[in-house]
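An overview of the molecular structure
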Amino acid sequence: MRRFSLVDFSVNHPKLVVFLTIVITFAFMTQFPKITTDTNPKNMLPETSDVRVWNDEVEKTFSLYEDMLVVGVENEKGILNKETLGKIIRITDEILKIKGVAARDVNSFPTITNVSAEAGILKVAPLMTEVPKDDAEMQALRKMLFENPLFVDRIISKDGKTTAIYVPLEKGANGKEVADKIREIVGKEKGEEKYYIAGDPVARDTFGAEMFKLMAIFAPIAGMVMLIVRYLMFRDIFLSITLMMDAMVSIVWSMGLLLAFGFPVHIMSSMAPVFLMAIATDSIHIFNEFYFRYKEKKDKKAAIIETMHAVSRPVRYTALATAAGFAVLLFMNIIPVKVFGGMLAFGTIILRVLSFSFIPAMFMFVKEEKLKKASTDEDIELSRTSQFLKKLAGFGAHNPKDTVFDGLILVVIAIAGVTRAVINNNMVEWFKKDSEVRIADTVMNQALGGTSLAYIVAVSKDEDFIKTPEAMRYIEGLQRHLEKLPVVGKTTSAVDYVKRINRVLHDDDPKYDVVPGTKEMIGQYLFLFSMSAKPSDLDNVVDYPFKKANVWVQLKTWDAQAMRDVIKSVEEYKRDNPIPVEFKPAGIAYFNLVWNDEVLLDMVRGFVLALIAVFAILVVNFRSVKWAVVGYMPLLFTILLIYGFIGFIGKDFDMPISVLSCLSLGMAVDFAIHFISRFKQKLSEQETVGAYGYTPSSITDALLWTAARPGKGIMRNAVLFASAFSVMLLASLTPYITVGAFIVSMMTLSAVMTIIYLPALITLLQGWLFKCTKCL
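Fair warning: this is a prediction, and the values are worked out from it, not measured in the lab.

This brings us to the pairing of strand β1 (residues 67-74). Taking burial as the measure, the 8 residues of β1 include 7 buried ones, the bulk of the element. With 5 bridges connecting them, β1 and strand β5 (residues 194-198) associate as antiparallel partners. Paired with E74 across the strands is K194, a residue of β5.

I95, F109, I456, L555, M563 and I762 are the most contacted members of the largest nonpolar core, which totals 244 residues. If you tally residues by element for this core, the top one is helix α30 (residues 734-764), at 14 residues. When neighbours within four sequence positions are excluded, M563 is seen to be in contact with A454, I456, L555, P585, A589, Y590 and L593. One finds F28, V249, V252 and A361 within the second-largest nonpolar core, a separate group that totals 11 residues.

Moving on, we come to the sheet that holds strand β6 (residues 452-459). Pairing between sheet strands relies on hydrogen bonds along the backbone, with the strands arranged either parallel or antiparallel. One open sheet accounts for 4 strands, arranged β7-β8-β6-β9; its pairing is antiparallel. This sheet does not close on itself; its edge strands, each paired only once, are β7 (488-492) and β9 (582-586). Sheet twist, expressed as the average angle between the axes of neighbouring strands with direction ignored, equals 25°. Of the strand pairs in this sheet, β6 and strand β8 (residues 548-555) are connected by 8 bridges, and their pairing is antiparallel.

Right, let's get into the side chain of T25. Along the chain, T25 falls in helix α2 (residues 14-29). For T25, a relative accessible area of 10% puts it in the buried group. Of the polar contacts made by the side chain of T25, one reaches the backbone oxygen of T21; its length is 2.7 Å.

So, about the sheet that holds β5. Ordered by their spatial adjacency, 3 strands build an open sheet running β4-β1-β5, and the pairing between neighbours is antiparallel. Of all the strands in the sheet, the pair left with one neighbour each is β4 (162-169) and β5. Adjacent strand axes in the sheet meet at a mean angle of 20°, parallel and antiparallel pairs treated alike. Across the face of the sheet, helix α7 (residues 200-234) comes into contact with β1, β4 and β5 while running at roughly 105° to β1.

Let us look at a nonpolar patch on the surface. Residues F405, I409, L410, I413, F645, F648 and I649 make up a contiguous nonpolar surface patch of about 700 Å² in total accessible area. Broken down by element, the residue count for the nonpolar patch peaks at 4 residues, all from helix α17 (residues 400-418). Considering the arrangement of structural elements, one finds F645 in helix α25 (residues 625-649).

Evaluation of the coordinates by the stated rule reveals 33 salt bridges. Between E289 and R709 there is a salt bridge, and its shortest N-O distance comes to 2.7 Å. Of this pair, E289 sits in helix α11 (residues 284-297) while R709 sits in the loop between α28 (696-708) and α29 (710-726), placing them 420 residues apart in sequence. Connected through shared salt-bridge partners, K143, E147, R500, R503, D508 and D513 make up one network.

The rules we used
- Residues numbered from 1 in each chain as written.
- Predicted model: local features only at pLDDT ≥ 70, side-chain atom pairs only at ≥ 80, totals over all residues.
- Heavy atoms only, no water.
- Buried < 20%, exposed > 50% of the residue type's maximum accessible area, 1.4 Å probe, protein only.
- Helix = DSSP H or I, 4+ residues; strand = E, 2+ residues; numbered from the N terminus.
- Pairing = 2+ DSSP bridges.
- Core = buried A, V, L, I, M, F, W, Y, C linked by side-chain atoms within 4.5 Å.
- Contact = heavy atoms within 4.5 Å.
- Axes fitted to C-alpha atoms, helices over the stretch in contact; angles between N-to-C directions.
- Polar contact = N/O pair within 3.5 Å; in protein donor to acceptor, adjacent residues only side chain to side chain.
- Patch = residues over 30% accessible without salt bridge, like charges linked within 9 Å, V, L, I, M, F, W, Y side chains within 5 Å.
- Areas by Shrake-Rupley, 256 points an atom, 1.4 Å probe, with all protein chains shown as cover.
- Salt bridge = Lys/Arg side-chain N within 4 Å of Asp/Glu carboxyl O.

Okay, structure coming up:
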């Protein structure tokens, strides 16, 4: 009984295959209305992760908001003038009306709590209910601002040129939408003031909106670029469109599956369409060989079947290697990375199925005249590209020792570069330096305490411990210790309120700007404050059994290393000053650190798994450990050279680069699989010399033929792959630029390494790889 052949079925029933492909594609498209996006960093980790559970507990205990915007108002001549203060009041009033804003807890000049005293009685009221009428009132406002440490670097800069409006958001509010409404409000104000809007929700939700735009723009542009490049390669618009359709089908099926399972689109999955378009270029090897075969056979159907017979094994195993590189991401802890890996593994498999069905079927619709015209230049003796590739391979084959040695020197240099690499995720830096988000964050961090917020939670086993003078002084000492760090702009705690109350109740005498001497007095101060202030003022810094205290730490950067420095400083302080209290970090800055470390662990884990998986696939494909090792070399050299360069230029290893470390292994090895498979295939067709195997000349001839014929497909694949990702270099978001540059470099370098370095390695190691006569 004859074995079923998908290729034979497709060339014999092309209309049915195309019809079924279209029907299934429309079925997946029905899921597209369900599309949603998610760029919230919290959702990078599972809800059950320790950091998310702890952060949720801290937010609940201290009545904290998950998201907060910071609106900056800057006037180079100083903000303490009637015009600017009037604008601050108007802007604040309008912000309070925006849907999604937690109006009761917005902090600005008109709303922030000011602690003072009149006739020995504590007075807690908003700082500025109206614009000062004269110089005396303006000077009184200046005095209240600059003599109160709760205000300096929080709502007023030391130079008096910048103020901040802190805008907490209700759960589920969209940071970009709120920011856009605030921009409309400040846009109505005229004058010398400059306005800035910063904070994690602005960066996150703006990134999400931009990500969606880029996905909609770059996928079609990448497709058009590839279509043009393919046409220039084959001069056949129909077949160029066929390869484009192959990619589009896989994109629709993969996106449809993602949406069918209810997953939102994250930053990585938004890049999937471009990835799948590029991966689809592996089918270029089918086109490349088909035109050579058609020129030889002059029979379309026979050429298709012979082509698929010749390239089926390398095409299958390159797909398997690429899918394996994606599939290892399923073992990661970062949820969007898992989704991205599964999505692309599925898409890669679909592309290979289409390579053996849809593409052969589409070949059957091409007229013979067009094929004859397109195949005219497919002759390795006439093609300039083939002759050029032959010379490149000849350089490696004829100078194997020098070529391999030079490569090893480059690898040693690259390893030195890799050791300089730093793992860091900073969402603000995912925007270009001239972007509104990046500028706002930079200005606010320079002028005030910082836009990145962390918490250090003091936890005691005893009730009312936080009220004790010992606890208060200890926390005060910790704050001063943390403020020595360059990355820390300001700290705030219950201690600051207690000291402020103690001072104002003693006629604003600076010598009373200290923690009171008794627990009872501290308790009385806190009670008086809680009766007069906004509930959140005290709720944000202590719990009511007074077993826990929350120290707010404003950081001047979103770099993960900043939070690491804070934690290290806390540990140093506690080591030098032992106390039976536990200090635990929390907040978005702490989450970013944990997420950053998870990315590092995932990178190492994924890289090792991908190395093992790809090597195993090479062993199975070549049925030889020796050949697997040889096929591995261009892959490792390519990755090391690129990572070394990244290390030398000081570029941080962020999430996109870390994910690419796994993906690149599967994609970069494709060329080696094609080259070695076709080389061995060609060598087996040559006659051996008696019982002694191959001669060095027969090996060299086979290498040069491989570079000239299948090598042309490798270079076409690299050019197409690189052209697809090159459009991402024009993106407004740096992760897209990083991915584009990484893939363009990887594909170009990998192709060159395959054409030059593999012939050198095979020639140098021929005595180990073959049974041959007079081998090196």
